[in-house]
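Descriptive structure summary
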Amino acid sequence: MPPVGLLEDKVIAVTGAGRGIGRAVALACAAEGAAVIVNDYGVGIDGSEPSSEVADAVVTEIEAAGGTAIAVADDIATLDAGERIVSTAVDKFGRIDGAVCVAGILRERMLFNMSEQEWDGVIDTHLKGTFSVFRAASAVMRKQEGGGSLVAFTSGVGMWGSVAQANYAAAKGGVVALMRSAAVGLQRYGVTANAIAPVANTRMSANVPGGTAETGEAEDVAPMVVYLLSDAARDVTGQTYTVVGGKVALWSQPREIRSIVKEGRWTPQELAEKLPSALGVDRMPMFEYIEMMQKKAAKAE
Ligand SMILES: NC(=O)c1ccc[n+]([C@@H]2O[C@H](COP(=O)([O-])OP(=O)(O)OC[C@H]3O[C@@H](n4cnc5c(N)ncnc54)[C@H](O)[C@@H]3O)[C@@H](O)[C@H]2O)c1
């Protein structure tokens, strides 16, 4: 008898499943026995020129390997698309056990030059695109036996900030806050929510100026997503994990790190006097990262 897959009898929806990391996740879920809803709007890296062929191609690939999949080639930035993905899962397979929100685009520009269209497109795809699926999926998961698993895709820049990606960093920071809110709001219904901050060679990472410090392949990210969707991770919620190559790292939860307290209200003058020595600042890791990448580039010249 063949070994039983980690996701046998589960129904999993993956957005942005036509290319890159989403495709690898969809293939891995199918290989572990899940029926997969393959969502991809089939757009260019900036969100332009949609095509249904990209989602269809992954469904064909899954079926050729003996798996089960259905394409939904909608724009995930609409609530209707979230509903359609989930209703497709429920109508065809009777339930939805996991929803993985991988879809993403980039529109890079310095903050002072960024247009409303560049801002809105990126926020809509990443943040609203995660909300649209989490909302529709959790409405079903909270009522079904066994609950369900939500997995969001963030980025290190969502925690650290980014020089010319204020839209993307804001969207990815929002995705983590959304994931944490889903984790605390849905715990009582047996629904988990977690986030992955990946680094992998895809068309998106090829766009990062100066490259990334670490790198890996899209297929390296998929096993962690499969684990989070499986029954083995039923107690894991509210967490953010980096996955790059063979490295999996856990991010800390944000906490106050030190404080100053007085009876009543501080005056600006008192703060100017006391704060630098008593509280100081917590240096941004992104400044260290930029310095490290600059040194690396200088060495390579
Ligand atoms: N590749 C990396 O190193 C890296 C680093 C940090 C975060 N991420 C995140 O991982 C995720 C996957 O990135 P990737 O590198 O595989 O990108 P990719 O460009 O290879 O794939 C993204 C897919 O999302 C689809 N998509 C875009 N807009 C959509 C929409 N509105 N509705 C449905 N589908 C849509 C695209 O058609 C594409 O197939 C993204 O959320 C990205 O921000 C990637």
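Located above this text is the structure these notes cover.
The following paragraphs examine the structure supplied in this document. (Residues numbered from 1 in each chain as written. Predicted model: local features only at pLDDT ≥ 70, side-chain atom pairs only at ≥ 80, totals over all residues. Heavy atoms only, no water.)

1. Considerations on the nonpolar core
Filter applied, for reference: What is meant by a nonpolar core is a set of buried Ala, Val, Leu, Ile, Met, Phe, Trp, Tyr and Cys residues, joined one to another through side-chain atoms within 4.5 Å. The cut-offs for exposure are 20% and 50% of the maximum accessible area for each residue type, with area from a 1.4 Å probe on protein chains only; residues under the lower value are buried, those over the upper are exposed, and the others partly exposed. What counts as a helix is a DSSP run of H or I of at least four residues, what counts as a strand is a run of E of at least two, and both are numbered from the N terminus. We call two residues in contact when some of their heavy atoms are within 4.5 Å.
Grouped together as the largest cluster of nonpolar side chains are 36 residues, with contacts concentrated most on V14, C29, V36, V38, V100, F153 and I196. Those elements giving two or more residues to this core turn out to be β1 (11-15), α1 (20-31), β2 (35-39), α2 (53-64), β5 (148-153), α7 (218-229) and β7 (240-244). In terms of residue count, the dominant contributor to this core is α7 (8 residues). Setting aside chain neighbours within four positions, we find V36 in contact with I12, V14, A26, C29, A30, I62, T68, A69 and I70. Membership of the second largest hydrophobic core comes to 29 residues, among which are A89, I96, A136 and M179.

2. Quick notes on unusual backbone geometry
Phi at D9 is positive, roughly 70°, even though this residue is not glycine. Relative to the helices and strands, D9 resides in the segment before β1.

3. Quick word on helix α8 (residues 268-278)
In terms of residue burial, α8 counts as a barely covered element, since only 0 of its 11 residues are buried. G280 sits one or two positions beyond α8 and adopts a positive phi of about 65°.

4. So, the site of the ligand
What counts, and what does not: Near, as used in this document, describes a residue that has one of its heavy atoms within 4 Å of the molecule or strand being considered. Side-chain atoms alone can form a polar contact between residues adjacent in sequence; in general such a contact is a pair of N or O atoms within 3.5 Å, and within protein one must be able to donate a hydrogen while the other accepts it. Calculation of accessible area relied on Shrake-Rupley with a 1.4 Å probe; when residues are assessed, cover is drawn exclusively from the protein chains displayed.
Around the ligand, 30 residues are found, and the nearest of them are D40, D75, Y168, T202 and R203. Between the ligand and the protein, one listed contact pairs a nitrogen atom with a backbone N or O atom of Y41 at 3.2 Å. Here a nitrogen atom of the ligand sits 2.8 Å away from a polar atom, N or O, in the side chain of D75. Burial of the ligand by the protein amounts to 96% of the accessible area it has alone, namely 840 Å². The set of elements that each furnish at least two residues to the shell around the ligand consists of α1, α4 (116-141) and α6 (166-186).

5. Some details on the pattern of salt bridges
When the charged atoms of two side chains with opposite charge come close together, those side chains can pair. How we decide: Salt bridge, as used here: a side-chain nitrogen of Lys or Arg that lies within 4 Å of a carboxyl oxygen of Asp or Glu.
As enumerated under the stated definition, the model contains 10 salt bridges in all. Between E61 and R23 there is a salt bridge, with its nearest N and O atoms 2.6 Å apart. Placement of the pair is E61 in helix α2 and R23 in helix α1, with a sequence separation of 38 residues. The partly exposed category is assigned to E61, whose relative accessible area is 31%.

6. A look at the pairing of β7
Our working rule: Whether two strands pair comes down to DSSP finding at least two bridges between them.
With 5 of 5 residues buried, β7 is to be regarded as a mostly interior element. Linking β7 back to strand β8 (residues 247-250) in an antiparallel pair, the connection comprises 2 residues, with G245 at a positive phi of about 55°.

7. A short note on the packing of α4 against α6
Quick note on the threshold: Whenever a helix is involved, its axis is fitted only over the stretch in contact; in every case the axis is a line through C-alpha atoms, and angles between N-to-C directions fall within 0 to 180 degrees. Angle categories: roughly parallel below 35 degrees, roughly antiparallel above 145, roughly perpendicular from 65 to 115, and oblique for all the rest. For a crossing to be left-handed, the near helix must be turned anticlockwise from the far one by less than a right angle; the clockwise case is right-handed. The classification used treats Ala, Val, Leu, Ile, Met, Phe, Trp, Tyr, Cys and Pro as nonpolar, Asp, Glu, Lys and Arg as charged, and all other residues, Gly among them, as polar.
Viewed as axis vectors pointing N to C, α4 and α6 meet at an angle of 15°, and their least axial separation amounts to 8 Å. The angle between α4 and α6 places the two elements in the roughly parallel class. Between α4 and α6 lies a crossing of right-handed hand. Of α6, the residues touching α4 (which contributes E118, W119, V122, I123, H126, L127, T130, F131, F134 and S138) are A166, N167, Y168, A170, A171, K172, G174, V175, L178, M179, A182 and L186. Of the residues belonging to the contact of α4 with α6, the class tally is 15 nonpolar, 5 polar and 2 charged.

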